[in-house]
Amino acid sequence: MIRKHLILIASSMLLLSCTAAKDKSTNELFLNKKAENKYISAYNNTMKLWPVPYEEKDITTTYGNAHIIISGPKDGKPLVLLHGMDASSTMWYPNIGSYAKHYRVYCIDYLTEAGKSIKNEDAKFNPDDITPWYTQIFDALKLKKFDLVAASRGGWVATNYALKCDGRIKKMVLLAPVQTFEGINMQSKTMTAANFKFFPTRKRLNKMVAYFSEKPEKVSHQFKEQMYLGTKNTKTKMDLLHMKPFSDKELKSLTLPVLVLVGDNDILNKPEITEKAKELLPNCKTEIIKDAGHFLTMDQQEKVDATIIKFLESK
């Protein structure tokens with residue numbers, strides 16, 4: 001009888017361990033495999049909004065697999081796009097049609113956020129590792145010289161990369177860059193929007209979008225659902241808090257052409273950061289985009305895209 005009970009207990013434990021292994025996500029960021037699958041389905045659903053042909057490519061790095069969405073003519077000039085926090089590369093769906101006419105565009109999912117890039121479980125990924133990770137990606141893509149457009153948190157990443165890898169970036173565009181020239185503008189709306197990060201519900205998501213965008217109706221349902229599932233189904237990370245604004249000395253050392261665009265109603269950035277950018281960056285142009293919030297690429301897509309392309313094409 002005792003032997004039968006032991007066999008039953010052992011069998012039950014084996015079954016539970018097999019079930020747990022089966023339910024384990026391939027990406028440690030997600031709570032479980034089911035959560036990951038839901039998010040990936042939402043990601044793919046947002047990609048149905050991509051208005052031009054694309055290919056998806058995975059590159060193996062020492063930190064994990066980097067996922068890249070590539071569009072545009074193969075002989076086009078290279079342009080790299082870095083998305084904002086928790087947005088993934090799909091955030092560029094309103095803009096990619098404009099850029100892919102002129103460039104071979106590479107959109108890279110950040111390694112430690114919801115997306116299709118997957119960090120190795122045993123790999124550490126601190127702010128000091130960001131530049132080496134991107135360098136491995138650019139080397140694999142054979143991008144020796146390229147233009148770079150980066151939004152929000154991506155603006156910090158782009159500036160950090162430009163400081164450490166001088167000469168690789170030809171021109172750089174910073175869209176509503178946070179933690180770059182100054183810290184995040186802390187106000188009641190900012191804190192209310194942050195509630196979604198810690199306590200994700202669709203109601204809080206809609207409130208966040210309404211605060212981040214002057215035209216929230218332009219933000220697609222598919223993209224919002226992806227953002228919701230990406231936050232709800234993953235472990236909360238606050239990497240942004242470890243990314244400190246750059247010193248005046250560091251910013252003054254950046255001699256490449258830079259364009260800084262900020263929405264006039266951006267709740268994370270004070271419009272005055274454009275003045276600081278102009279003062280500190282030796283070769284900088286700035287513009288405050290009217291009737292736009294933090295999501296300026298969606299609020300004023302045509303204006304923003306036209307301004308970026310004009311800057312990139314200028315001599």
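Residues numbered from 1 in each chain as written. Predicted model: local features only at pLDDT ≥ 70, side-chain atom pairs only at ≥ 80, totals over all residues. Heavy atoms only, no water.

(A) Here's a closer look at the environment of Asp129. Structurally, Asp129 is set in helix H4 (residues 127–140). Here Asp129 falls in the buried class, since its relative accessible area comes to 17%. Here the alpha-carbon distance between Asp129 and Ala210, two residues 81 residues apart in the chain, equals 34 Å. Look past the residues within four positions of Asp129 in its chain and what remains in contact with it is Tyr63 and Lys124. A distance of 3.4 Å separates the side chain of Asp129 from the side chain of Tyr63, its partner in a polar contact. (Helix = DSSP H or I, 4+ residues; strand = E, 2+ residues; numbered from the N terminus. Buried < 20%, exposed > 50% of the residue type's maximum accessible area, 1.4 Å probe, protein only. Contact = heavy atoms within 4.5 Å. Polar contact = N/O pair within 3.5 Å; in protein donor to acceptor, adjacent residues only side chain to side chain.)

(B) View of the pairing of strand E3 (residues 77–82). Most of E3 is tucked away: five of the six residues are buried. Where E3 lies against strand E4 (residues 103–108), six bridges are found, and the strand directions are parallel. Across the sheet, the residue bridging to Leu81 is Cys107, located in E4. Here E3 runs beside strand E6 (residues 146–151); their pairing, made up of four bridges, is parallel. Across the sheet, residue Val80 finds its bridge partner in E6, namely Leu148. (Pairing = 2+ DSSP bridges.)

(C) Molecular detail of the packing of aromatic side chains. Inspection of every chain in the model, using the stated rule, returns 14 aromatic pairs. A ring pair is formed by Phe125 and Trp133, whose centres lie 5.7 Å apart and whose planes are at 85°; its orientation type is edge-to-face. For the pair Phe125 and Trp133, one class covers both residues: buried. Grouped by ring-pair contacts, the aromatic residues Tyr63, Tyr110, Phe125, Trp133, Tyr134, Phe138, Phe146 and Tyr161 constitute a single cluster. Positioned over the ring face of Tyr110 is Arg153, at 3.8 Å from the centre of the ring. Lying over the aromatic face of Phe311, Lys171 brings its terminal NZ or CZ to 5.2 Å of the ring centre. (Phe/Tyr/Trp six-rings, centres within 6.5 Å; stacked < 30°, edge-to-face > 60°. Lys NZ or Arg CZ within 6 Å of the ring centre and 35° of its normal.)

(D) Looking closely at unusual backbone geometry. Here Ser88, not a glycine, exhibits a phi torsion of approximately 65°, which is positive. Ser88 gets classed as buried once you look at its relative accessible area, which sits at 1%. The phi angle at Asp291 is positive, at roughly 55°, despite the residue not being glycine. Its location among the elements puts Asp291 in the loop between strand E9 (284–289) and helix H11 (296–299).

(E) A look at the confidence of the model for the chain. Looking at the chain, the pLDDT average stands at 90 and 90% of residues meet or exceed 70. The low-confidence segment residues 1–22 (pLDDT under 50) makes one contact with residues lying over four places distant or belonging to another chain. (pLDDT = per-residue confidence, 0-100.)

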